[in-house]
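Overview (structure and organization)
This is what each chain is made of:
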Amino acid sequence: MSTEPCQKAADELRQSINEWVRASEATREFMVKIPWDITDEQDTVPPGYFGEMQQAFEQEKRARAKYIKANIALLDCMQRHGFID
Amino acid sequence: MKGQAYYILDGVMRHIDEALRFYRPRLDPIPKGKNVSILIESNDFRRILLAGDFQIFAKKAILRFERHGGQFMGDGPCEDEKDRAMRAAQAWEIATEEVRRFMVDKPLEPEEAIEPKPPEYLEEMDAAFEREAKAREEYIAAMTAWFECEEGSS
């Protein structure tokens, strides 16, 4: 068990960041696929493509929300213990 | 009408040449001064002109061409849907660029120091992601409408 007052909050933030990194990887896959030469003709996309894309972004959103919560928890902890103003 | 179009576009040939040089990789080679009617009547060329650095001039030329009864060929039944999809795609691309700067590239190393971000940073990040989500929704809606239109008209 850690003796640092905010160690648990820091560990949770680290974990949530890493989860967010993994979740956002899936969205990057869709982002880089955008064809955006204005003169290009766009072929149709495979069935379920937009559904998959939205699912990936939803997962990223959940992971991001968890990261923000963990970030605020660490901030609060550090303020409580006088590590920051 | 082609004669009129030639007349209108007489003064823009240097801009067309410039456009062709710039966009050469995207177009089949077109000999200078020849087959211009094919070129000016194509929607692709209209888009290319408007995407270039001489938009005001191109818009004027296009307007004059249309006022004199000229029509761009290739206006398919789904042209509006396609234009909307292209605009939505570009808007989404810009929005994703904004969120990328907030995204962490790789997992943190166990020994890596960690510091919480200030609330202002989180708010800014949230706003950027909100814009991205809206742009993505419009992109999906526009692309779906375009595909449905193409399917319905084929």
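Quantities reported herein were computed from a predicted structural model and do not represent experimental measurements. (Residues numbered from 1 in each chain as written. Chains lettered and ligands numbered in written order. Predicted model: local features only at pLDDT ≥ 70, side-chain atom pairs only at ≥ 80, totals over all residues. Heavy atoms only, no water.)

**Some points on the overall build of chain A**
As a reminder, the rule being used: Think of it this way: any DSSP run of H or I at least four residues long counts as a helix, any run of E at least two long counts as a strand, and we number them from the N terminus. Throughout this description, buried means an accessible area under 20% of the type-specific maximum (1.4 Å probe, protein chains only), exposed means over 50%, and partly exposed covers the range between. Whether two residues are in contact is decided by their heavy atoms: any pair within 4.5 Å suffices. Computed by Shrake-Rupley with a 1.4 Å probe, the accessible areas treat only the displayed protein chains as cover when residues are assessed.
Of regular secondary structure, chain A possesses two helices and zero strands. Here chain A holds 85 residues, and 44% of them are scored as buried. The contacts in chain A between residues at least 6 apart in sequence include a share of 83% that link residues at least 24 apart. In the structure as shown, chain A presents an accessible area of about 5,100 Å², 51% of it carried by carbon and sulfur atoms.

**Section: the overall build of chain B**
Looking only at helices and strands, one finds seven helices and zero strands in chain B. Ordered by position from N to C terminus, the α and β elements of chain B give α-α-α-α-α-α-α. The buried share among the 154 residues of chain B stands at 40%. Taking as baseline every contact in chain B between residues at least 6 positions apart, the subset at least 24 positions apart corresponds to 77%. About 9,500 Å² of surface is accessible on chain B, with carbon and sulfur atoms providing 51% of the total.

**Quick notes on the nonpolar core**
The criterion, for reference: As used here, the term nonpolar core means buried Ala, Val, Leu, Ile, Met, Phe, Trp, Tyr and Cys residues forming a set that is joined through side-chain atoms within 4.5 Å.
With 47 residues, the main nonpolar core has A:Phe50, A:Met53, A:Tyr67, B:Met125 and B:Tyr139 as its most contacted residues. When residues no more than four places from it in sequence are discounted, the contact partners of B:Met125 are A:Trp20, A:Arg64, A:Tyr67, A:Ile68 and B:Phe102.

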